[in-house]
Amino acid sequence: MFSDRRHCRLNHILLAVLLYIAGTHALLPRSKISLQTNGYKGIVVAISEHVQENATLIETLKELFTNASDLLHRATHQRAYFEEITILLPKTWSSNIPSVPATSEIFDTANFIVTRHEHVGRESPYTNQFGSCGDEAEYAHLTDKFILDTEWTRYKYGDPGKVIVHEWGHLRWGLFDEYARNDEERFYLDENRRVQATRCSEYVTGEEYDYRTGHRCNLYPERGQLPGSDCRFYPALDNSLATGSYMSMSYLESVVDFCHSDIQGDPRSFHNPRAPSQQNIQCSYRSAWDVMLESEDFKNGDNQPRHVTDTAPTFLVVKSAPLRIVLLLDVSGSMSTNNRLGIMNQVTSKYIRATVPDGNFVAIVEFSSSARTLVGLTELQTTQDRDLLANSLPTYASGGTCIGCGLIRSTEVLESGGQNASGGIIILITDGAENSSPPNIESEKPTLISKGILVDTVAFSAAADAKLMALSEDTGGLAFYHAETSDSTGLNDALTATISLRLGASSDVPIELHSSKQILPFNGSVLIDETIGKDLKFFFLWSTSLVSVEVKRPNGSVIDGSSPEYRRDDAKKTISVEIIGDAEPGKWLYDVRGTPQAVEVSIQSTAVDNAQPVRVTTSLSNSYVTEEPAAVSIYAQVVQGYTPILDAVVVATIERPRTHPPVEVNLLDNGAGTDVTPNDGVYSGVFMDFVTATCPHCRYNIKISASGSGHKPASTMYSSVLPILRLTPVDRTTNYTDLVGQFNRVVSGGVIQAPLTISPGDNLPPSRIKDLRVVGISYDNQTISLAWTSPGNDLDRGTADWYDLRHDRNFSVISQNFTIGEQVTNQNITQGNLMAPKPFGSDEQVTVQMPRVNDNVTYYFCIRAMDAAGNEGSPSNVVSAAIVQSYLDAPTQIMTTDFTTVTSSFATHTTSVPKPTSSQAASTDPTSVPSTTNSRIGTTHSTSFSTVTSRGAASTDLTSVPTPTNIRVDTTHPTSSPTLRSRGTTSTEPTSVPTPTNVRVQTTHPTTFPTVTSRGTVSTDLTIHHTSTNGGRESTYPTTIPPVSDGGTELTDPPSNSPIHYKLVMVLISIAALAVTVCACMVAVALIGLCKSRSNKVTVVKELTVHGNHDIEAATTRVHPQGNKVAPLPNDIDITSI
């Protein structure tokens, strides 16, 4: 029925193309952090200008990071701590707090940002992370409430220092959360069909409750069903043994480490690969430490453990300073081609007059064969200041291209008057290759880097010097490209981005709403939403002859050449319309007429007072492509304030080399393919349409447009710390969202440079499926229904050729060796079609007919997509599904079970259990309870243990068992009560159990076993389950076996996820029992000991489960005799039902 297994190991290293599309590189790099001799330096913590001035905030920040540094040092096993931290104050704060002027530090490039807490439910610290596993994130976000309200913070999150360490895991190492973030991730089934909560490590214990009602969840592990969507796992806060993980429940006092996969390491922080956490899904089941060890911090054994006496950081407090910008403009002879000089003057004039906010400084330097200063650094405060600079722009082009000369002169301008050049910005616009002899880019780059000067570059033609991008990247600047096509707006978008990317969080920075270039005549419109409209400006840049422009307000009134808002500059060939005050919201229209020619339109506005506008920021996975297969991921984040905007329409337009038409890529926020997390406001897509010709200087300009009327989620979907889970029943019937009005935004997406020859052909695989899930199970039909989002044929584009779906009963097999899993073909599909995938982003679903077995089975599924060229997508996440006998189909009478000899290759065990005296119920209570239809009440089993024999060792006979004191029993008490109902059947009884309808009440009694002698290793925790099939709950109780007497190694097994009885009911029952008689008990105990003394490993039985239908299962543990070293080893022993 199923195809033969192919026993070939799958290499889980991602294909070479994924090295290009993985990760993110923001257009403007974040403050560079380095780890030197175990100490992190270069960390910047910036405070928003919207946060009220508060000296206590600064001192509390210092205390917070000092505490976090010590915790980080311990969590990294003495390999890292915070050594130097800079705190950046906003320019709006007074001088009452001691500080020095900032140099290169700005808010928009900080590693941690602190903003004002604005909305209840949105105060959780989080990390803005939209790259792949192992990629550094953008920034970590804190609020003033989190820092200042320490009582609230500790109640909600525990130790705030641990929160910083958690966010550092996201920020620095690209780790993902190890707790459940949605209903599909909350629980899973292990190989023995036990319901487990998502957590790391498995030593975290707790209980499951319905968060709406506060009642215990009905787990029904014997039915193979996961709890409902309202069920939550609440970890025990005061008695946890788990030491991991910071990425899971960092608030637990016992947690001091990240989860690891080292079998010789601490078992209490051992990685849990079966949990459907984002860490496992995004990182292909690697532990946090596995990912950390591949980072630049610890790769190749760097930064080995070192004892540090004092881990407290040193703090430097600086205050935001104005930008200092030098426009370095090429006036070489080639700039007279294609009206380049005229276009550069038009756009730089607009930049000076309307883009740079007040209070910042601008200078102008021109260069050709040499360089000269046209205007020194000038503070922009008035219209006269701006006109002075705009009228000083160069008007004549000739000579060579000495870029090095211009860089030297610009540095001198930044240092004029004895100023420190650090943090100064040079914006270099050039169209050609530089002189080969010094001074040139390579000769001057070291000086620029050492002095901390940032160089933004704009390649103003395809022939611009190929070293421009490297100059920007090496100095921490921005790189752009103007394609010179008839519809390119690259230069305007680039200059706008040099401000918006650096000062985007400031309220006085203009937001670009629209930019385009068209041939006359044409008309268009722009939407002004409720948050913008202040200083609304329209710019129309013509190229040959004068044009006429009309702008119509939403109320129908027209602005034209006779209006005071209308301004024409014939020298710069520019018409501007500037609206004084706040423009009215709605659709504004414009109409442009004149002699056919290309006219560029640019529309911008700032936010109205006390409003948070929608903003767009962008990032690329790679901006310099040097190898095939060539593919670059494009990311655009759409937010209002810091809240994501969902359901926007986001499109990336890529301008390719001049003879090739532009390409559009739709960016999606669906969690499929390149997009990491659905509904987080990060829209993702892949560009792969590189030209196939040899192109040593090929550049691709990217422009992002976002529009629509999206909405904001009730809470952020970013990678955030998990608040302390406390059971507080609530009625949550809706997950509200805030609607956002219609909006338009345009931003530059930067430039891609690809100096290589791209080969034709299909060499890109389908993207990885990351959301495989189980949507239905039928025991009667023996079917399992699966669903997922379809990948593309080439990553996120097109349609794959077919699906390779596989399963296994062992999680480790399918997660580590995909091709060994048993393949599912269309012959096994009753609904759906594995051979006919849908286009990328579509919903897929199939129903698999499993082989009929007379046993309860857990299956693990994994899938990948294939294309027609034979390219293989990476295996998906793994999901579990159990086909078990339905509860309603279970026998109504109590089964009689004889436990006879159980034989394995390691040992023989003989355990006998007498049959109960009745096929319905047995009770030792003075007042018996008559049998009730379809109920099991008060059943008692007697258990005797004979000699347990292990090869090479004889154990002490367990011929007698003391009074049970820790074995789960069901008790009945001679107290009358109303009719007991069970599954529709009514039974009237003279004496019945005074418990809630159809709820089992259990008591616990410790049981002590005599010493077990063995030559091997003995587990000191033997867990015995007894599971009811009448709606009761499964509980787990530790049974203590004294240590071995021959020097064997003791092993402490992970505690089970055991529930605690309702304490009040227990007290009442106990009082009643003491007043009437000694309760009789039902005992079902089976002890199986397996010892394997082979080489350096021993396999022992860790856990024995006795179900109501008398299935017996054993979970095993691999043990190293050297000490308490534990690692899960599923299905080492196959004990089927007897």
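Structure's up top.
Residues numbered from 1 in each chain as written. Predicted model: local features only at pLDDT ≥ 70, side-chain atom pairs only at ≥ 80, totals over all residues. Heavy atoms only, no water.

1. Regarding the overall build of the chain
Step number 1: Across its full length, the chain holds 15 helices and 66 strands.
Step number 2: Looking at the chain as a whole, 59% of its 1138 residues are labelled buried. (Helix = DSSP H or I, 4+ residues; strand = E, 2+ residues; numbered from the N terminus. Buried < 20%, exposed > 50% of the residue type's maximum accessible area, 1.4 Å probe, protein only.)

2. Observations regarding the pattern of salt bridges
Step number 1: Applying the stated criterion across every chain yields a total of 36 salt bridges.
Step number 2: Two residues, R274 and E191, come together in a salt bridge whose shortest N-O distance is 3.1 Å. Taken together, the residues R274 in the loop between strand 14 (231–235) and helix 6 (278–282) and E191 in the loop between strand 11 (187–189) and strand 12 (195–197) connect sequence positions 83 residues apart. For the pair R274 and E191, one class covers both residues: buried. (Salt bridge = Lys/Arg side-chain N within 4 Å of Asp/Glu carboxyl O.)

3. Concerning unusual backbone geometry
Step number 1: Each neighbour pair has its own omega, and for P438 with P439 the value is 0 degrees, a cis peptide bond.
Step number 2: Assignment of secondary structure puts P439 in the loop between strand 19 (425–430) and helix 11 (441–450).
Step number 3: In this chain, L520 is followed by P521 through a cis amide linkage whose omega measures -5 degrees.
Step number 4: Along the chain, the position of P521 falls in the loop between strand 22 (511–519) and strand 23 (522–528).

4. Let's talk about the sheet that holds strand 2 (residues 34–36)
Step number 1: Read from one edge to the other, the open sheet built from three strands follows the order 2-3-5, with strand pairing classed as mixed. Only two strands of the sheet have a single partner each, and these edge strands are strand 2 and strand 5 (81–82).
Step number 2: The pairing of strand 2 with strand 3 (residues 39–41) spans three bridges and is antiparallel. Its bridge partner lying in strand 3, Q36 is registered against G39. (Pairing = 2+ DSSP bridges.)

5. Let's talk about the sheet that holds strand 34 (residues 649–655)
Step number 1: Taken in spatial order, the four strands make up an open sheet running 35-34-37-41, and their pairing is antiparallel. Single-partner strands in this sheet number two, and they are strand 35 (663–667) and strand 41 (743–753). Here the strands of the sheet are splayed against their neighbours by 20 degrees on average, with no regard to which way each runs.
Step number 2: Relative to strand 37 (residues 699–708), strand 34 is paired through seven bridges, and the arrangement is antiparallel. Opposite V650, over in strand 37, you have A706 as the bridge partner. (Axes fitted to C-alpha atoms, helices over the stretch in contact; angles between N-to-C directions.)

6. Concerning helix 2 (residues 55–75)
Step number 1: With 21 residues, helix 2 extends 30 Å from end C-alpha to end C-alpha; this agrees with the ideal 30 Å at 1.5 Å per step.
Step number 2: Considered for burial, the residues of helix 2 that qualify are L57, I58, T60, L61, L64, F65, A68, S69, L71, L72, H73 and A75.
Step number 3: Sitting at the head of helix 2, N54 places a side-chain oxygen 2.8 Å from the backbone nitrogen of T56.
Step number 4: Looking one or two residues beyond helix 2, the residue adopting positive phi is H77, at roughly 60 degrees. (Expected span 1.5 Å × (residues − 1). Polar contact = N/O pair within 3.5 Å; in protein donor to acceptor, adjacent residues only side chain to side chain.)

7. Regarding the state of the cysteines
Step number 1: Taken as a whole and assessed by the stated rule, the structure comprises four disulfides.
Step number 2: Note on cysteine connectivity: C200 is disulfide-linked to C259, with sulfurs 2.2 Å apart. Its S-S torsion of approximately -125 degrees makes the covalent link between C200 and C259 left-handed. Placement of the pair is C200 in the loop between strand 12 and strand 13 (206–210) and C259 in the loop between strand 14 and helix 6, with a sequence separation of 59 residues. (Disulfide = S-S within 2.5 Å.)

8. Overview of the packing of helix 8 (residues 340–355) against helix 13 (residues 490–503)
Step number 1: Put simply, helix 8 and helix 13 touch, their axes get as near as 10 Å, and they point 30 degrees apart. As summarised for this structure, helix 8 and helix 13 are arranged roughly parallel, according to the angle between their axes. For the crossing formed where helix 8 meets helix 13, the hand is right-handed. Taken together, the residues of helix 13 that come into contact with helix 8 (itself represented by I343, M344, V347, T348, K350, Y351 and T355) are L491, N492, L495, T496, T498 and I499.
Step number 2: Partitioned by chemical class, the residues of the contact of helix 8 with helix 13 number seven nonpolar, five polar and one charged. (Parallel < 35°, antiparallel > 145°, perpendicular 65-115°, else oblique. Left-handed = near helix turned anticlockwise from the far one by under 90°. Contact = heavy atoms within 4.5 Å. Nonpolar A, V, L, I, M, F, W, Y, C, P; charged D, E, K, R; others polar.)

9. Re the packing of aromatic side chains
Step number 1: All told, the structure shown has 23 aromatic pairs when counted by the stated rule.
Step number 2: Aromatic pair Y209 and Y234: ring centres 6.2 Å apart, planes at 65 degrees, arrangement edge-to-face. Within this pair, whereas Y209 is found in strand 13, its partner Y234 is found in strand 14, the two being separated by 25 residues in sequence.
Step number 3: Take Y209: its relative accessible area is 13%, and that puts it in the buried class.
Step number 4: Given a relative accessible area of 11%, Y234 falls into the buried group.
Step number 5: Both rings, one in F687 and one in Y700, keep their centres 5.6 Å apart while their planes meet at 55 degrees; by these two values the pair is tilted. You can see F687 sitting in strand 36 (residues 682–687) and its partner Y700 sitting in strand 37, a full 13 residues away along the chain. As far as the burial class goes, F687 and Y700 line up, both buried.
Step number 6: Linked through ring pairs, Y40, F65, F82, F112 and W168 together constitute an aromatic cluster.
Step number 7: Over the face of the ring belonging to W152 we find K145, whose NZ or CZ atom lies 4.6 Å from the ring centre. (Phe/Tyr/Trp six-rings, centres within 6.5 Å; stacked < 30°, edge-to-face > 60°. Lys NZ or Arg CZ within 6 Å of the ring centre and 35° of its normal.)

10. Quick word on the side chain of E178
Step number 1: Along the chain, the position of E178 falls in the loop between helix 5 (160–173) and strand 11.
Step number 2: Lacking a salt bridge, the buried E178 has R286 as its closest oppositely charged neighbour, with an N-O distance of 11 Å.
Step number 3: Polar contacts involving the side chain of E178 include one to the side chain of S245, which spans 2.8 Å.
Step number 4: What E178 contacts, discounting residues up to four positions off in sequence, is T198, R199, C200, S245, M247, S248, C259, H271, S277, Q279 and A288. (Lys, Arg positive; Asp, Glu negative; His and termini not counted.)

11. Considering the pairing of strand 22
Step number 1: Of all the nine residues making up strand 22, seven are buried; the element is thus mostly covered by neighbouring parts of the structure.
Step number 2: Across eight bridges, the pairing between strand 22 and strand 30 (residues 598–607) is antiparallel. Across the sheet, residue K517 finds its bridge partner in strand 30, namely E600.

12. Here we look at the packing of helix 2 against helix 5
Step number 1: It is at 8 Å that the axes of helix 2 and helix 5 come closest, and there the two elements cross at 70 degrees. For the element pair helix 2 / helix 5, the angle class is roughly perpendicular. Note on packing geometry: the crossing formed by helix 2 with helix 5 is right-handed. Packed against helix 2, whose contacting residues are L64, F65, N67, A68, L71 and L72, the element helix 5 presents P160, G161, K162, I164, V165, W168 and W173 at the interface.

13. Concerning the environment of L739
Step number 1: With respect to the element layout, L739 can be found in strand 40 (residues 738–739).
Step number 2: According to the relative accessible area criterion, L739 is exposed, its value standing at 75%.
Step number 3: On a C-alpha basis, the gap between L739 and P713 in space is 9.0 Å, while along the polypeptide they are 26 residues apart.
Step number 4: Residues in contact with L739, not counting those within four places in the same chain, are G710 and H711.

14. As for the environment of F811
Step number 1: Counting through the fold element by element, F811 comes out in helix 14 (residues 811–816).
Step number 2: Sequence separation between F811 and Y860 is 49 residues; the distance between their C-alpha atoms is 6.0 Å.
Step number 3: Those residues within four positions of F811 in sequence are excluded, and the remaining contacts are E191, P273, R274, Y285, Y860 and V878.

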